[in-house]
Amino acid sequence: MNPDNDPRPWQVEASEYIHQLPWFTVRKDAIRMEGGGVIPDYFVLEYPNWVNVVAVTTDKELVLIRQYRHGIAGVHYELCAGVIDPGEDPLVSAQRELLEETGFGNGEWQPLMTLSANPGTHANLTYSFLATGVQKVKPQHLEITEEITVHVVSPERAMAIIDNGEMMQSLHLAPLLKYLSKL
């Protein structure tokens, strides 16, 4: 639905990169709005697109991970997730991340939802997938910068994790809650 009175996209009058690194790129745009408003310094964070996976085993349990996140200085439950490599299909990326981070694979895969961490300032998207009937097929294969533990939990335990505030990542909570709401 796109009503005639919807706000119009902003016009970018100038754009420059303030900082460019693989994990931290900031762009500054000069914006003109249709109604005459001007924003001379609008900052946009450019990240690669991300994926995450609601992985359900053949026993109907959920595959979650735990890892330390330096931004909030804590260890919490998460979905398996990662960065989409340049030119990689999001589904292929999701399957690769699940296998590397947890050792789980196979099953039936389908898109679950697409999200933005913050559509006001982030240029990337997160593609969430539902993988049902996954099985442990090999050991974890972590990068040197990854310290991840795998936890296979019941849907009831997953809800308790959410209710107890043990999962902080909103991009992981949304697809997990979407899945759990259908049970």
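If you're wondering where the values come from, they're calculated on a predicted model, not measured in any experiment.

Participant: Would you mind showing me how to read the layout of surface pockets here?
Facilitator: Unoccupied space between atoms shows up once a probe the size of one water molecule is rolled over them. Its volume calculated, the largest pocket comes out at about 850 Å³. A per-class count over the lining of the largest pocket returns 10 nonpolar, 11 polar and six charged.

Participant: When you look at the sheet that holds strand β3 (residues 38-46) in this model, what are you seeing that I'm missing?
Facilitator: Strand pairing in a sheet relies on backbone hydrogen bonds. The paired strands run either parallel or antiparallel. Taken together, the three strands give an open sheet; going across it, the order is β1-β2-β3, and neighbouring strands pair in antiparallel fashion. Each edge of the sheet is formed by a strand with only one pairing partner; in this case those strands are β1 (11-21) and β3. The sheet shows a mean angle of 20° between the axes of neighbouring strands, direction not considered. Both strand β2 (residues 24-32) and β3 contribute to a ladder of seven bridges, which runs antiparallel.

Participant: Please clarify how the pattern of salt bridges should be interpreted in this entry.
Facilitator: Here the idea is simple: oppositely charged side chains can pair when their charged atoms come close. Counted by the stated rule, this structure contains 11 salt bridges. Between Arg-96 and Glu-88 there is a salt bridge; the shortest N-O distance is 2.7 Å. What makes Glu-88 buried here is its relative accessible area of 18%. As a salt-bridge pair, Glu-100 and Arg-96 come within 3.7 Å of each other at their nearest N and O atoms. Placement of the pair is Glu-100 and Arg-96 together in helix α1 (residues 90-102), with a separation of four residues, close to one helical turn. Linked through salt bridges whose partners overlap, the residues forming this network are Asp-85, Glu-88, Arg-96, Glu-97 and Glu-100.

Participant: So what exactly am I meant to see when it comes to the pairing of strand β10 (residues 126-136) here?
Facilitator: Within a regular strand, the side chains alternate between the two sheet faces. The pairing of strand β4 (residues 50-57) with β10 spans eight bridges and is classified as parallel. Bridge assignment links Val-56 to a residue of β10, and that residue is Thr-132. The pairing of strand β8 (residues 104-105) with β10 spans two bridges and is antiparallel. Each bridged residue has a counterpart across the sheet, and for Gly-105 the counterpart in β10 is Gln-135. Two elements, strand β9 (residues 108-115) and β10, share seven bridges in a ladder whose sense is antiparallel. Each bridged residue has a counterpart across the sheet, and for Trp-109 the counterpart in β10 is Ala-131.

Participant: Explain helix α2 (residues 155-163) to me, please; I cannot follow it from the model alone.
Facilitator: In an α-helix, one turn spans 3.6 residues, which is why side chains three or four residues apart end up on the same side. Residues of α2 that are buried include every one of Pro-155, Ala-158, Ile-161 and Ile-162, and no others. Mapping the buried residues of α2 onto a view down its axis gives an arc of 110°, with all of them on the same face. Of the exposed residues in α2, those oriented more than 90 degrees away from the buried face are Glu-156 and Asp-163. Looking at the buried positions of α2, the neighbouring elements they touch are β5 (62-69), β6 (74-78), β11 (148-153) and α3 (170-181). Just downstream of α2, Gly-165 is the residue with a positive phi angle, here 70°.

Parameters and conventions
Residues numbered from 1 in each chain as written. Predicted model: local features only at pLDDT ≥ 70, side-chain atom pairs only at ≥ 80, totals over all residues. Heavy atoms only, no water. 1 Å grid on protein atoms, 1.4 Å probe; cavity = no way out; pocket = protein on both sides within 12 Å on 5 of 7 lines; lining within 4 Å. Points joined across faces, edges and corners; volume = space filled by probe spheres on them. Nonpolar A, V, L, I, M, F, W, Y, C, P; charged D, E, K, R; others polar. Pairing = 2+ DSSP bridges. Helix = DSSP H or I, 4+ residues; strand = E, 2+ residues; numbered from the N terminus. Axes fitted to C-alpha atoms, helices over the stretch in contact; angles between N-to-C directions. Salt bridge = Lys/Arg side-chain N within 4 Å of Asp/Glu carboxyl O. Buried < 20%, exposed > 50% of the residue type's maximum accessible area, 1.4 Å probe, protein only. Arc of directions from axis to C-beta. Contact = heavy atoms within 4.5 Å.

None of this, on its own, says anything about what the molecule does.
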